[in-house]
Structures are given as structure tokens and as C-alpha cells.
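Examining the three-dimensional arrangement
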Amino acid sequence: MKHIAAVVVLIALMTALAIIGLTRTDLMPKLASEEGIIVDQLFSLHVYLIAFLFTLIVVFMLYSVVVFRRKAGDSSDARHVHGNTTLEIVWTVVPFVVVIFVGVLGGRTLAQITAPNPGEMVVEVTASQWSWRFDYPEQGISSTELVLPEGRPILLQLTSTDVIHSFWVPEFRVKQDALPGRVTTLRLTPSELGAYKLRCAEMCGLSHAYMVADVNVVDAAGFETWVAQQAALAAAAASPVDLGASLYELQGCKACHSVDGSASVGPTWLGLYGKEETLSDGSSVRVDEAYLRNSIVSPGSQIVSGFTDIMPKDFGERLSDDQLGALIAYIKSLGAGS
Ligand code: CUA
């Protein structure tokens with residue numbers, strides 16, 4: 001009885017210390033969504049449970065090792081114990097109840113954060129290797145930056161043009177996969193003004209680690225201003241070169257091709273037009289319109305020496321003929337090489 005009392009006191013003490021230690025380590029980034037409040041509550045509950053269970057095992061083990069170690073000169077056998085039905089029932093029923101309790105709580109939290117909210121604003125999120133695009137159907141604009149008004153419930157409709165990606169802004173706590181050929185949804189209500197980063201949370205190929213986008217939570221007036229700016233920019237992009245420049249961003253070309261000559265996953269577009277390129281099969285080719293068109297529509301057919309065949313193969317379906325022409329016009333505008 002004396003030992004049990006000692007162990008109970010030790011467990012209570014160590015659990016309290018573990019909880020204080022764990023809650024002070026600042027495990028979570030700043031919280032910036034209303035849905036995140038109950039997610040964090042659930043997380044804290046798990047931290048308390050983990051602290052208790054860890055202590056329970058470690059204290060019992062260390063107490064036994066220290067207090068019941070063999071005394072000097074004692075060579076007798078220990079008492080032989082065969083089974084203990086009460087103990088076995090207890091260590092089966094208690095974890096069962098705990099797991100069911102945590103499961104029900106998790107299910108309820110998920111139901112709460114995925115429930116529709118009145119007055120939701122829809123943003124369509126398109127993930128591609130390796131970029132993000134955001135379309136605002138209500139406002140009629142597109143952007144490579146996710147700008148959201150504070151306090152307005154948002155319904156994200158996610159899809160992918162190629163492989164599985166995952167939408168994850170740690171400050172919003174919620175997360176959802178973007179799947180090719182399917183639309184998934186994610187709901188969130190931004191609650192803190194600020195600049196955040198969207199990160200792809202599903203391994204999706206070579207530049208997965210760099211598949212990020214800026215997220216800005218602004219006030220209602222700031223959002224209106226931004227929408228007006230985006231609409232004006234889109235209207236101004238009437239010339240093929242300007243249209244090509246905006247497609248360069250929106251279609252994700254930017255992720256692999258620089259326009260300032262810097263090295264990247266794919267050849268830079270600076271001074272590309274008219275250049276003599278050596279291909280992986282040893283032949284050489286002069287960069288003209290036909291070569292550029294072929295390289296966008298069937299990128300695997302002519303690989304420039306030193307690069308790999310990783311460009312998505314579906315730009316022929318994604319881009320209209322006008323858009324292809326605009327991209328080529330944009331590449332031409334970046335100067336002729338030699
Ligand atoms: Cu997209 Cu990782």
C-alpha cells in the first residue's frame with residue numbers, strides 16, 4: 001500500500017511537470033482561424049493525456065527498477081505470479097474507453113469545422129506541379145496569391161491538374177488534399193489580419209518543397225481594394241505579351257522557368273528566343289515559334305541537354321491557341337539569344 005501511495009503521488013507530480021513543460025514549448029504557430037480554436041482545444045487535451053500516459057509508464061518502471069532491485073547477498077527467487085484477471089480486465093477496458101472517447105470527440109470536432117456557414121465566399125483553388133492558382137468566381141478575378149477578408153467564412157473548392165497536392169496553412173490549422181479529377185472542399189474563417197504562407201503538404205515531385213503561395217488576411221475595405229486592383233490588372237493585360245506574362249504566373253510556368261537568367265528546374269526564358277539549344281540526343285535546334293509551341297504542348301519530345309523530362313504533359317489541353325500564342329509572344333519579348 002505504501003508503494004502504491006508513493007507511485008500515485010509521483011505520477012501526479014510528474015504529470016503536472018510534463019504538462020507545464022509541454023505547454024510552455026510553444027508547439028503551435030499563431031492561431032489565425034475560428035475553426036482552429038476547437039482544433040487547438042483537442043490538441044491540448046491530447047497533450048494532457050499523453051503527458052499522463054507517458055508518466056504512468058515511466059514512473060511505474062523506474063520505481064520498480066530502483067525500489068525492488070536485488071539486495072546485496074539475496075540469491076532467492078522472486079515470487080512466481082501467473083496471470084491476474086482483474087488487472088487484465090482493467091488494462092483492456094480503460095484504454096478502450098479512452099480511445100472511444102477521443103474518437104467521438106475527434107469526430108464531433110471534424111463535423112463542426114466542416115459544417116457549412118451562412119454567407120460563405122467561394123474561392124477555387126487549383127494546384128499544379130508546382131504552383132497554386134486562386135479563382136474568385138463571385139468577384140471574377142484570378143490570382144497567384146490568396147487574399148481573404150477577415151471574419152468572412154470561406155469555402156475553398158480544391159482541385160489539381162496533375163498529381164495529389166495538399167492545401168496547408170499552419171496558422172489556419174485545417175488541411176485538405178487537392179485531387180486530380182475531383183473537387184474537395186475546405187472551410188475556414190480567417191480571424192487574424194496578417195501574412196501567412198500556404199505550403200503544399202503532399203509529396204508531389206521535384207519542387208514540392210518550393211510549392212508555396214502567399215496568404216494575406218486583410219480587412220473588408222482592403223479586400224475590396226485588392227479585388228478592384230486585380231480586375232484593373234486583368235483588363236490592362238490586353239496585349240499578347242502582357243497576357244503571356246500573366247499566364248506565366250497563373251499557369252505555374254514560373255515554378256520552373258526563370259525570366260532573369262537564373263538557373264532553375266527548366267531552361268530560363270531570358271534570351272531564349274533565337275538561341276541555338278543542344279538537345280539530350282546530341283542534336284541542336286534553333287529556338288523558333290515551332291520549337292516553343294512543341295516544347296509547351298509535348299515537352300517530352302525535345303529535351304534540352306542538362307534538363308530532365310518532368311514538365312507536365314497537359315498544357316496542350318490546358319491552354320487555348322490564343323494563350324499559347326501569348327506565351328510565345330512573352331518569351332520573344334524577353335530578348336533574343338545568340
Ligand atoms: Cu504539391 Cu507537394
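Anything mentioned here points back to the structure above.
Quick look at the structure, then. Just so we're clear, the structure is a prediction, and the values are computed from it rather than from any experiment.

Overall, the coordinates contain nine aromatic pairs when judged by the stated rule. Between W132 and F167 the ring centres are 6.2 Å apart and the planes differ by 85°, which places this aromatic pair in the edge-to-face class. Of this pair, W132 sits in strand β2 (residues 131-136) while F167 sits in strand β6 (residues 165-168), and the two are 35 residues apart along the sequence. For the pair shown, W132 and F167 are each scored as buried.

Turning to the packing of helix α6 (residues 289-297) against helix α8 (residues 321-333), a few remarks are in order. At their nearest, the axes of α6 and α8 sit 10 Å apart, and the two run at 120° to each other. Comparing the axis directions of α6 and α8 gives the class oblique. Here α6 runs over α8; the crossing is right-handed. On α8, the residues that touch E289, L292, R293, I296 and V297 of α6 are D321, L324, G325, L327, I328, I331 and K332.

So, on to the environment of L31. Here L31 shows up in the loop between α1 (2-24) and α2 (35-67). In this structure, the C-alpha to C-alpha distance between L31 and R173, residues 142 residues apart in sequence, is 7.6 Å. In contact with L31, not counting residues within four places along its chain, are G36, I37, D40, E171, R173 and E192.

Attention now moves to the side chain of E171. Within the secondary structure, E171 is located in the loop between β6 and β7 (175-178). The side chain of E171 is buried and forms no salt bridge, while R173, the nearest opposite charge, is found at 6.4 Å. When near neighbours in sequence (up to four residues on either side) are disregarded, E171 contacts P29, K30, L31, A32, S33 and Y196.

So, about the sheet that holds strand β9 (residues 194-200). The strand order β4-β10-β9-β6-β7 describes an open sheet built from five strands, whose pairing is mixed. Among the strands making up the open sheet, the edge pair consists of β4 (146-149) and β7. Adjacent strand axes in the sheet meet at a mean angle of 25°, parallel and antiparallel pairs treated alike. Taken together, the six bridges between β9 and strand β10 (residues 212-218) define a ladder with antiparallel strand orientation. Note on β10: the bridge partner recorded for R199 is V212. Along the sheet, helix α4 (residues 220-236) contacts β4 and β10; its crossing angle with β4, the most-contacted strand, is approximately 140°.

Criteria and cut-off values
- Residues numbered from 1 in each chain as written.
- Predicted model: local features only at pLDDT ≥ 70, side-chain atom pairs only at ≥ 80, totals over all residues.
- Heavy atoms only, no water.
- Phe/Tyr/Trp six-rings, centres within 6.5 Å; stacked < 30°, edge-to-face > 60°.
- Helix = DSSP H or I, 4+ residues; strand = E, 2+ residues; numbered from the N terminus.
- Buried < 20%, exposed > 50% of the residue type's maximum accessible area, 1.4 Å probe, protein only.
- Axes fitted to C-alpha atoms, helices over the stretch in contact; angles between N-to-C directions.
- Parallel < 35°, antiparallel > 145°, perpendicular 65-115°, else oblique.
- Left-handed = near helix turned anticlockwise from the far one by under 90°.
- Contact = heavy atoms within 4.5 Å.
- Lys, Arg positive; Asp, Glu negative; His and termini not counted.
- Salt bridge = Lys/Arg side-chain N within 4 Å of Asp/Glu carboxyl O.
- Pairing = 2+ DSSP bridges.

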